[in-house]
Amino acid sequence: MTFDSPLAAYQHAIAQQGFVPDDAQRRAVQALQTCHQALHLGGSPIAGVYLWGPVGRGKTWLMDQFHQSLRVPARRQHFHHFMGWVHQRSFQLTGTRDPLQAVARELSRDVRVLCFDELFVNDIGDAIILGRLFQVMFEEGVVMVCTSNQPPEQLYAEGFNRERFLPGIEAIRRHMQVVAVDGGEDHRLHPGIGLQRYWVNQPDALAPVFKQLSDGQTVGHGKRVDVGHRTITAVQASDAVLWCRYAELCEQPLAAIDFMLLCDRFKAILLGEVPNLSAQQRPGRIARGTEDGVERVDAGDRQLPELSRHDDSVRRFIALVDECYDRKVPLFIEAQVPLESLYTEGYLAFPFRRTLSRLREMQLLRFGA
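Residues numbered from 1 in each chain as written. Predicted model: local features only at pLDDT ≥ 70, side-chain atom pairs only at ≥ 80, totals over all residues. Heavy atoms only, no water.

Naming follows an unreviewed UniProt entry, where the chain appears as Cell division protein ZapE of Pseudomonas orientalis.

Take the pattern of salt bridges next. Tallied over the full model, the rule gives 20 salt bridges. Where arginine 27 meets aspartate 182, a salt bridge forms, and the shortest distance between an N and an O atom there is 3.5 Å. With arginine 27 in helix α2 (residues 23-41) and aspartate 182 in the loop between β5 (176-180) and β6 (198-200), this residue pair connects regions lying 155 residues apart in the sequence. Relative accessible area serves as the criterion here: at 41%, aspartate 182 is assigned to the partly exposed category. (Salt bridge = Lys/Arg side-chain N within 4 Å of Asp/Glu carboxyl O. Helix = DSSP H or I, 4+ residues; strand = E, 2+ residues; numbered from the N terminus. Buried < 20%, exposed > 50% of the residue type's maximum accessible area, 1.4 Å probe, protein only.)

Our focus in this paragraph is the side chain of aspartate 117. Inspection of the secondary structure assignment puts aspartate 117 in strand β3 (residues 113-117). Classification of aspartate 117 as buried rests on a relative accessible area of 0%. At 2.4 Å, the side chain of aspartate 117 and the side chain of threonine 147 are in polar contact. A polar atom in the side chain of aspartate 117 sits 3.5 Å from the side chain of arginine 358. Discounting chain neighbours no more than four positions away, the residues touching aspartate 117 are Thr60, Met63, Arg76, Gln77, His78, Phe79, Thr147, Asp326 and Arg358. (Polar contact = N/O pair within 3.5 Å; in protein donor to acceptor, adjacent residues only side chain to side chain. Contact = heavy atoms within 4.5 Å.)

Across soluble globular proteins, nonpolar side chains have a tendency to be buried as a group. Ranked by internal contacts, the top residues of the largest apolar core, which has 41 residues, are Leu249, Phe317, Leu331 and Leu342. Those elements that provide at least two residues to this core are β8 (224-227), β11 (241-245), α9 (246-250), α10 (256-265), β12 (268-274), α11 (311-327), β17 (331-335) and α12 (349-361). Here this core gets 8 residues from one element, more than from any other, and that element is α11. Not counting residues within four places of it along the chain, the set of residues in contact with phenylalanine 317 comprises Tyr246, Cys250, Leu271, Leu277, Ile333, Leu342, Phe352, Thr355 and Leu359. Formed by 37 residues, the second largest nonpolar core is a distinct cluster that contains Leu93, Ile124, Met137 and Ile172. (Core = buried A, V, L, I, M, F, W, Y, C linked by side-chain atoms within 4.5 Å.)

As a further point, take the packing of helix α4 (residues 79-92) against helix α5 (residues 99-110). Running from N to C, α4 and α5 cross one another at 125°; their axes reach a closest spacing of 10 Å. In terms of their interaxial angle, α4 and α5 are classed as oblique. When you trace α4 past α5, the crossing you get is right-handed. Residues Phe82, Trp85, Arg89 and Ser90 of α4 lie in contact with α5, whose contacting residues are Pro99, Leu100, Val103, Glu106 and Leu107. Taken together, the residues of the contact of α4 with α5 break down into 6 nonpolar, 1 polar and 2 charged. (Axes fitted to C-alpha atoms, helices over the stretch in contact; angles between N-to-C directions. Parallel < 35°, antiparallel > 145°, perpendicular 65-115°, else oblique. Left-handed = near helix turned anticlockwise from the far one by under 90°. Nonpolar A, V, L, I, M, F, W, Y, C, P; charged D, E, K, R; others polar.)

Okay, the sheet that holds strand β2 (residues 74-78) next. An order of β2-β3-β4-β1-β5 is seen for the 5 strands of this open sheet, with the pairing classed as parallel. Edge positions in the open sheet fall to β2 and β5, since each of these has one partner strand only. Taken over all neighbouring pairs, the strand axes of this sheet differ in orientation by 10° on average, direction set aside. Pairing of strand β1 (residues 48-52) with strand β4 (residues 143-148) involves 4 bridges; the strand directions are parallel. When the sheet's bridge partners are listed, tryptophan 52 is paired in β4 with serine 148. (Pairing = 2+ DSSP bridges.)

The geometry of a pair of packed helices is captured by two quantities: the angle between their axes and the separation between those axes. Contact geometry of α10 with α11 gives a least axis separation of 9 Å together with a crossing angle of 35°. Once α10 is placed against α11, the crossing between them reads as right-handed. Here Phe259, Met260, Cys263 and Asp264 of α10 come into contact with α11, specifically with Arg316, Ala319, Leu320, Glu323, Cys324 and Arg327. Of the residues assigned to the contact of α10 with α11, the class counts are 6 nonpolar, no polar and 4 charged.

Turning our attention to α5. Relative to the 16 Å expected for 12 residues at 1.5 Å per residue, α5 spans 17 Å between its end C-alpha atoms, a close match to the ideal helical length. The elements touched by buried residues of α5 are β2, α4 and α6 (124-139). (Expected span 1.5 Å × (residues − 1).)

Right, let's talk about the packing of aromatic side chains for a bit. Taken as a whole and assessed by the stated rule, the structure comprises 9 aromatic pairs. Taken together, a centroid distance of 5.2 Å and an interplanar angle of 40° make the contact between phenylalanine 79 and phenylalanine 116 tilted. One end of the pair, phenylalanine 79, is in helix α4; the other, phenylalanine 116, is in strand β3, with 37 residues separating them in the sequence. As far as the burial class goes, phenylalanine 79 and phenylalanine 116 line up, both buried. Judged by centre distance (6.1 Å) and plane angle (40°), the ring pair of phenylalanine 210 and tryptophan 243 falls under tilted. Of this pair, phenylalanine 210 sits in helix α8 (residues 206-214) while tryptophan 243 sits in strand β11; the two residues are 33 residues apart in sequence, bridging distant segments of the chain. By relative accessible area, which is 2% here, phenylalanine 210 ends up buried. A relative accessible area of 9% places tryptophan 243 in the buried class. Of the aromatic side chains, those joined through ring pairs into one cluster are Tyr246, Phe317, Tyr343 and Phe352. Between arginine 75 and the ring centre of tryptophan 85, over which it is positioned, the NZ or CZ distance is 5.0 Å. The ring of tyrosine 325 carries the charged tip of lysine 328 above its face, separated from the ring centre by 5.3 Å. (Phe/Tyr/Trp six-rings, centres within 6.5 Å; stacked < 30°, edge-to-face > 60°. Lys NZ or Arg CZ within 6 Å of the ring centre and 35° of its normal.)

Below, the structure is given as structure tokens:
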């Protein structure tokens, strides 16, 4: 059911769908409603909305109701997808006097509103691009509505060359209403009908799941599957279901775009032999400078963050879970440790909270329905 405003959608959810009233959500809905009305009444400038808060507070649902009720050109993307597109267009525009200005103008021609989920900056290349891109996007009249687990001032808080990102933070605060969606309740933990999609130390658990989901389709054992420019070896694969070991999907040099391609192709993904991802952090090396496609980043003699031995693969695991969650592709996991113990120590503890919350929600029957 589509509603004509975010407020109408929220009121219906409270009255008819058993949503729990939440003062923080009400503040967020009012900010979205104000933006919605301004967009449809015309005029400018129009303030966007930045919703931030802990996992499970309904930020994504609220943003989606806002997006679905719009009657002006709008684009809704996960932040990974948005940055992938920005990097691609920036590379294609190499040689243009101001490629980011050109990207912003292209956006403004296509959309009036840009909505994206899970704004989280931990890459120096992204930080430098966004420090400028946010400014020129707003100058071109693009209205931005987004969700994040962090307030603007904490984005990329410990990042190198963070001063290059500060103009972007200032642009957010100047052009968007910042709303804390920090109600005390994780709405994802409300009772629901359980469906087991996570097993501990049961190496045989995924075989019957794969057989059921494949539903008689042609199956390849040890099948090689092309993913973009790379090839992975699956335990088994059918036309619609992929079963891989953790090492094959997360310890290989795959990127977010590769997980997007997998979710384009398969209706379910099975991931086996997931290890205990927690590990003590180890001292980082000295950063001597980084190349970022378009311009050189002068990092100086700064210490890189302390990473544990699993953190590179954990970044890929987080990206895989994000993509499956965003696309409603069920993810079935067999691991060495219980879900709550999967990652308890390491540099990525903060972003992994969102991953843990999403994995919990994936255990409910309604997910992927």
